Amino acid sequence: MSETLENLLNETRQFPPPAEFAAAANVTEGAYAEARADRLAFWEQQAHRLSWAKEWDQVLDWSNPPFAKWFIGGQLNVAYNCLDRHIEAGRGDKVAIHFEGEPGDTRTITYADLHRSVCQAANALTDLGVVAGDRVAIYLPMIPEAAVAMLACARIGATHSVVFGGFSADALSGRIDDASAKVVITADGGFRRGKPSGLKSIVDEAVVRTPSVEKVLVVRRTGQDIDWDGSRDLWWHEVVETASAEHTAQAFDAEHPLFILYTSGTTAKPKGILHTTGGYLTQVSYTHHAVFDLKPDSDVYWCTADIGWVTGHSYIVYGPLSNGATQVMYEGTPDTPHRGRFWEIVQKYGVTILYTAPTAIRTFMKWGDDIPAGFDLSSLRLLGSVGEPINPEAWMWYREHIGGDRCPVVDTWWQTETGAIMISPLPGVTATKPGSAMRPLPGISADVVDDQASSVGNGGGGYLVLREPWPSMLRTIWGDDQRFKETYWSRFDGMYFAGDGAKKDEDGDLWLLGRVDDVMLVSGHNISTTEVESALVSHPKVAEAAVVGATDPTTGQAIVAFTIPRGGVETDGEAGEALIQELRNHVAKTLGPIAKPRQIMLVAELPKTRSGKIMRRLLRDVAENRSLGDVTTLQDSTVMDLISSGLQSGK
Ligand code: 6R9
């Protein structure tokens, strides 16, 4: 990977924080030096952001790597930290959640309201026989009950396993079974693209195969007809909303399991990533405060992720609520009932901090600049990105068309496994570069190493690793310590291997290059898919691109690009052919002739996972004329048919 291209390093645009923003920022430059001087003392200080029932005796126990323990001997309750302590501080009437349902129904939920619901749900779960250490599966749409259910589990020490509401019965039953969940919390359905989708029917199918499940608790959201098993199913409004709202939170050990969240490996069985209590809450609370510069009294924060992903866990539920934020929660899709829905929501609630994903940003670019231009976005003061490398042009578009050229943009790198943000600008400190996640946060030691595990110098590329344990790190893979060691700790001795490629530029700032499985080897040169994609997206006629390496008799692998033109670009017949030539030449000019794609296909859509990441594996199958591999994690299964049929017609 050291022979990578120079393109991203040629990005010279830089955006220092506005002086006013920097002057009022939550975190200043000094934090880096402080953490460097004494990393454990730094994290200990961050742990004091929380209320502990009992202080820890030791900050970190790393005597048995890679099994870390943080804040040993400490005890706390997560729900108490997210709710009760704000109420005790006189902030019970503050809005916690502005809920916006897809059909337009709304709910305003204060911290006192949320506390009441969580206490009721905690009592109801206790009545159902759930005790500390039991697992509870949560399979809900993006409605406030999802946060209530998670916090109720945390309150009684039950470990939740949230399964994204778009997953199939197979995926759901596999996850319920792996964790032996005792209770499943679901809804009759949710609203998606204007239609009620079924959830309860999928649970019915899944639990036939999961003997551990004793009860299914059902929220009424859509009112659609559902099947009912009187010995197993219970309505949320009958058992939770009638339960006592008195509940005293008991403190749990800092290493008590808080949640399991499954990540789908590319091939094998999903991995149950286990997070625990004290270190996790410390790091999500600190990073939410530092990276988003949250001012709880004036900000309106909105993270557009689904609660079914780690971004929703850490930056909708635990980070913002532990910090006493007011936030927006939206149930639906960005184009229902119209393509301005996000901007309408920003305008309506006066959102000040927006956290979304490159896949959404590129979609908005494709839809056209005039859509956000039709709304008042002047309340925004900070923009965040997460989920994939953000192409420099998408970053610029986000800054200009959403951030009015005034809001700092923070590109945040992290993973389900890391639990919290690891690499990101600090908005009041860092002069950002479009497309770079910049530096590890204070207290985090990320590095880029070569095949021999040596740190690369500035200007070099290689593998992203984490050299020291961090508070919100995964503790293991549920039930499989061996797999935990093999997956993350065996590639480089004594380091956590993240599976991502990265580069250091001449200033030592970090550029993420995507999963190392996606790197292409063309005539002996390592070329990252991210770089070629960014070169394509830097062309004014391109909205989105996905690049793969296909076997080639002369070059080993050859670059094949799937490209979505921006709205209004002519692609029929000769115009399409001309555009393809123009794009091939554009890539050759930007990155060098070695990176010129062998083939470019103009397509209408790209295959994405349900969390919005491009599935290059499937495009590789198409590029190499193979039948498609496993498509069960595809967001939209018709996309691949569209792409394949487009190719046959020569497009
Ligand atoms: C939070 C989340 C993790 C993988 C990660 C990387 C990619 C996430 C990124 C990014 C470049 C960023 N990723 N954020 N790549 N820049 N800012 O997405 O967790 O679903 O577990 O995915 O996502 O490849 O390894 P998760």
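Up top is the structure.
Please read these numbers as outputs of a predicted model, since none were measured by experiment. (Residues numbered from 1 in each chain as written. Predicted model: local features only at pLDDT ≥ 70, side-chain atom pairs only at ≥ 80, totals over all residues. Heavy atoms only, no water.)

Draft legend 1. Quick peek at the site of the ligand. Close to the ligand lie 16 residues; Asp-411, Thr-412, Thr-416, Asp-500 and Arg-515 are nearest. Between a nitrogen atom of the ligand and a main-chain N or O atom of Glu-388, the distance comes to 3.4 Å. Lys-613 places a side-chain nitrogen or oxygen 2.9 Å from an oxygen atom of the ligand. Within the complex, the protein chains bury 90% of what would otherwise be the 530 Å² of accessible surface of the ligand. Residue assignment for the shell around the ligand shows that the elements contributing at least two residues are helix H11 (310-322) and strand E25 (510-515). Across the shell around the ligand, the residue classes tally to six nonpolar, five polar and five charged. (Near = heavy atom within 4 Å. Polar contact = N/O pair within 3.5 Å; in protein donor to acceptor, adjacent residues only side chain to side chain. Areas by Shrake-Rupley, 256 points an atom, 1.4 Å probe, with all protein chains shown as cover. Helix = DSSP H or I, 4+ residues; strand = E, 2+ residues; numbered from the N terminus. Nonpolar A, V, L, I, M, F, W, Y, C, P; charged D, E, K, R; others polar.)

Draft legend 2. Quick look at the sheet that holds strand E19 (residues 382-385). Strand order in the open sheet formed by seven strands is E5-E4-E17-E16-E18-E19-E20, with mixed pairing between adjacent strands. Among the strands making up the open sheet, the edge pair consists of strand E5 (106-110) and strand E20 (409-411). Taking the axes of each pair of neighbouring strands and ignoring which way they run, one obtains an average angle of 15 degrees across the sheet. Taken together, the three bridges between strand E16 (residues 300-303) and strand E18 (residues 353-356) define a ladder with parallel strand orientation. Bridging from a neighbouring strand, Tyr-301 pairs with Ile-353 of E18. (Pairing = 2+ DSSP bridges. Axes fitted to C-alpha atoms, helices over the stretch in contact; angles between N-to-C directions.)

Draft legend 3. Fine view of the packing of aromatic side chains. All told, the structure shown has 37 aromatic pairs when counted by the stated rule. Aromatic side chains Tyr-463 and Phe-497 sit 5.9 Å apart centroid to centroid with 80 degrees between the ring planes, which places their arrangement in the edge-to-face category. Of this pair, Tyr-463 sits in strand E22 (residues 461-466) while Phe-497 sits in strand E24 (residues 496-504), and the two are 34 residues apart along the sequence. Pair check on accessibility: Tyr-463 and Phe-497 agree, each one buried. Chaining the aromatic ring pairs together yields one cluster made of Trp-62, Phe-67, Trp-470, Phe-484, Tyr-488, Trp-489 and Tyr-496. Here Arg-107 stacks its cationic end above the ring of Phe-99, 5.8 Å away from the centre of that ring. Over the ring of Phe-167 we find Arg-175, and its NZ or CZ is 4.6 Å from the ring centre. (Phe/Tyr/Trp six-rings, centres within 6.5 Å; stacked < 30°, edge-to-face > 60°. Buried < 20%, exposed > 50% of the residue type's maximum accessible area, 1.4 Å probe, protein only. Lys NZ or Arg CZ within 6 Å of the ring centre and 35° of its normal.)

Draft legend 4. Quick peek at unusual backbone geometry. The linkage connecting Pro-65 with the following residue, Pro-66, adopts the cis geometry, with an omega of 5 degrees. The topology assignment puts Pro-66 in the loop between strand E1 (58-64) and strand E2 (67-72). Cis geometry is adopted by the peptide bond preceding Pro-337, which originates at Thr-336 and carries an omega value of -5 degrees. By the element assignment, Pro-337 lies in the loop between strand E17 (326-330) and helix H12 (341-349). For Asp-405, which is not a glycine, the phi torsion comes out positive at approximately 65 degrees. Within the secondary structure layout, Asp-405 lies in the loop between helix H15 (392-402) and E20. For Met-438, which is not glycine, the phi torsion reads 70 degrees and is therefore positive. Structurally, Met-438 is set in the loop between E20 and strand E21 (446-449). The class for Met-438 is buried, based on a relative accessible area of 2%.

Draft legend 5. Geometry of the sheet that holds strand E11 (residues 215-219). Taken in spatial order, the eight strands make up an open sheet running E12-E11-E8-E6-E7-E14-E15-E23, and their pairing is mixed. Both outer strands of the open sheet, strand E12 (233-235) and strand E23 (476-477), are each paired with one neighbouring strand and no more. Judged from the six bridges that link them, strand E14 (residues 257-263) and strand E15 (residues 271-276) form a sheet pairing that is antiparallel. In the sheet register, Tyr-262 faces E15, and the bridge partner there is Gly-272.

Draft legend 6. Representation of the pattern of salt bridges in the model. Under the defined criterion, the tally for this structure stands at 41 salt bridges. Across the pair Glu-145 and Arg-107 runs a salt bridge whose closest N-O atoms are separated by 3.0 Å. Placement of Glu-145 in helix H6 (residues 144-156) and of Arg-107 in strand E5 is noted, with a sequence separation of 38 residues between them. Overall, the relative accessible area of 8% leaves Glu-145 in the buried class. You can call Arg-107 partly exposed: its relative accessible area is 35%. A cluster of three or more residues bridged by salt bridges with shared partners is formed by Lys-200, Asp-204, Asp-229, Arg-232 and Asp-233. (Salt bridge = Lys/Arg side-chain N within 4 Å of Asp/Glu carboxyl O.)

Draft legend 7. Looking closely at the packing of helix H4 (residues 78-88) against H6. Between H4 and H6, whose axes approach to 7 Å, the crossing angle comes to 115 degrees. For the pair formed by H4 and H6, the contact residues are Val-78, Ala-79, Tyr-80, Cys-82, Leu-83 and Asp-84 on the first element and Leu-151, Ala-154 and Arg-155 on the second. A class-by-class count of the residues in the contact of H4 with H6 yields seven nonpolar, no polar and two charged. (Contact = heavy atoms within 4.5 Å.)

Draft legend 8. Quick look at the nonpolar core. The biggest cluster of nonpolar side chains holds 134 residues, and the ones touching the most others in it are Ile-185, Phe-292, Ile-307 and Tyr-318. No other element matches H6, which puts ten residues into this core. Not counting the four nearest positions on each side in its chain, Phe-292 is found in contact with Thr-287, Tyr-301, Tyr-315, Ile-353, Tyr-355, Arg-381, Leu-382, Val-410 and Ile-421. Among the nonpolar cores identified, the runner-up in size contains 50 residues, and Phe-15, Ala-360, Cys-407 and Met-520 belong to it. (Core = buried A, V, L, I, M, F, W, Y, C linked by side-chain atoms within 4.5 Å.)

Draft legend 9. Main features of helix H5 (residues 111-127). Between the first and last C-alpha of H5 there are 24 Å, a value that for 17 residues agrees with the 24 Å anticipated at 1.5 Å per step. All of the buried residues along H5 are Tyr-111, Leu-114, His-115, Val-118, Cys-119, Gln-120, Ala-121, Ala-122, Asn-123, Ala-124 and Leu-125. Immediately downstream of H5, the backbone of Gly-129 shows phi near 95 degrees, a positive value. (Expected span 1.5 Å × (residues − 1).)

Worth remembering: the numbers are spatial, not functional.
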